[in-house]
Amino acid sequence: RWLPALRRQCDTAGERLSGTGLAAEGRVLRAVLYVYHNRLLRHRPYLALQQVEQCLKRLWKMNLVGCIETLAGLIPKNTPQAQAECLVPSQPMLETVALKVLGGCKLILRLLDCCCKAFLLSVQHLCSEEFILLNTVASGLLSRLWFVIQYRCVLQSLISLYGTLSTSLHLVSETQQMPYIKGFTFPSDISNFLGVNVSSEVKKQKVRMLTTKKPTSWLKQLFPTMPEVGKKRNFATCMSAVKNCSIACPGDIGEPVL
């Protein structure tokens, strides 16, 4: 009875982890870090971006998606009737995937926290009109990355997968004891292992990001006011407004890169 549920959880977690959003944001982040490496080596938002990129790199290197797909491939699609015999994943396989899921949940929690801190730093320096181009790109990138993880419920799908894995591991170990990972007790409740309430922690981060002071003064100078809904924008007027605007940030916006 638990085999179909385990396969569904594996498919859901694998799809959400291997989505195009996370991969695309990761590529953009690496490109931004590469471009600004020599110019902003000691800049605080840049260092915070490096921590975000490090979390993403570790998440991909642990090959969590491949491990989950391997487990899903061991579960038969058409499960037989109750009381019939069927092959099930072994205890070593279940333990390996469960351990990787625990590590993946820890990493994603750390990734969300790093995104929140880096976003707040970028907005803070943006309000000071410092490195406007980098901090504008970074704040948008970090908010999208944080939103992609939350919108696709990546962390929640892994937590649900671990719940099913824990039940499966208990049933399989009762049938045949084959412990593979020794010296570690798999927690029955993943919340105790993570040490925080995931939903409340995410809400706190969201409130901090939404209530941050936004640098609207220089944005209004840089971009003309948006027209009302239903009216067409005069392109020539907008372009002249952008050309006439002046911002005291030499060497950041408007200077051609050779």
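Residues numbered from 1 in each chain as written. Predicted model: local features only at pLDDT ≥ 70, side-chain atom pairs only at ≥ 80, totals over all residues. Heavy atoms only, no water.

In this fold, Ser 168 is placed in helix 7 (residues 154-175). With a relative accessible area of 0%, Ser 168 lands in the buried category. Aside from chain neighbours lying at most four places away, what touches Ser 168 is Trp 2, Leu 6 and Leu 94. (Helix = DSSP H or I, 4+ residues; strand = E, 2+ residues; numbered from the N terminus. Buried < 20%, exposed > 50% of the residue type's maximum accessible area, 1.4 Å probe, protein only. Contact = heavy atoms within 4.5 Å.)

To continue, consider helix 3 (residues 44-61). Here helix 3 spans 26 Å end to end across 18 residues, near enough to the 26 Å set by a 1.5 Å rise per residue. Taken together, the buried positions of helix 3 are occupied by Pro 45, Tyr 46, Ala 48, Leu 49, Val 52, Glu 53, Cys 55, Leu 56 and Leu 59. Asn 63 sits one or two residues past helix 3 and shows a positive phi near 55 degrees. (Expected span 1.5 Å × (residues − 1).)

Now for the environment of Pro 45. Take Pro 45: it is sitting in helix 3. Between the C-alpha atoms of Pro 45 and Lys 117, which are 72 residues apart in sequence, the distance is 8.9 Å. Once residues within four sequence positions are removed from consideration, Pro 45 is found in contact with Leu 121, Ser 122, His 125 and Asn 135.

So, about the state of the cysteines. If you walk through the whole model with that rule in mind, you get zero disulfides. The thiol of Cys 55 is not disulfide-bonded; the next cysteine sulfur, from Cys 114, is found 4.1 Å away. The buried category is assigned to Cys 55, whose relative accessible area is 7%. (Disulfide = S-S within 2.5 Å.)

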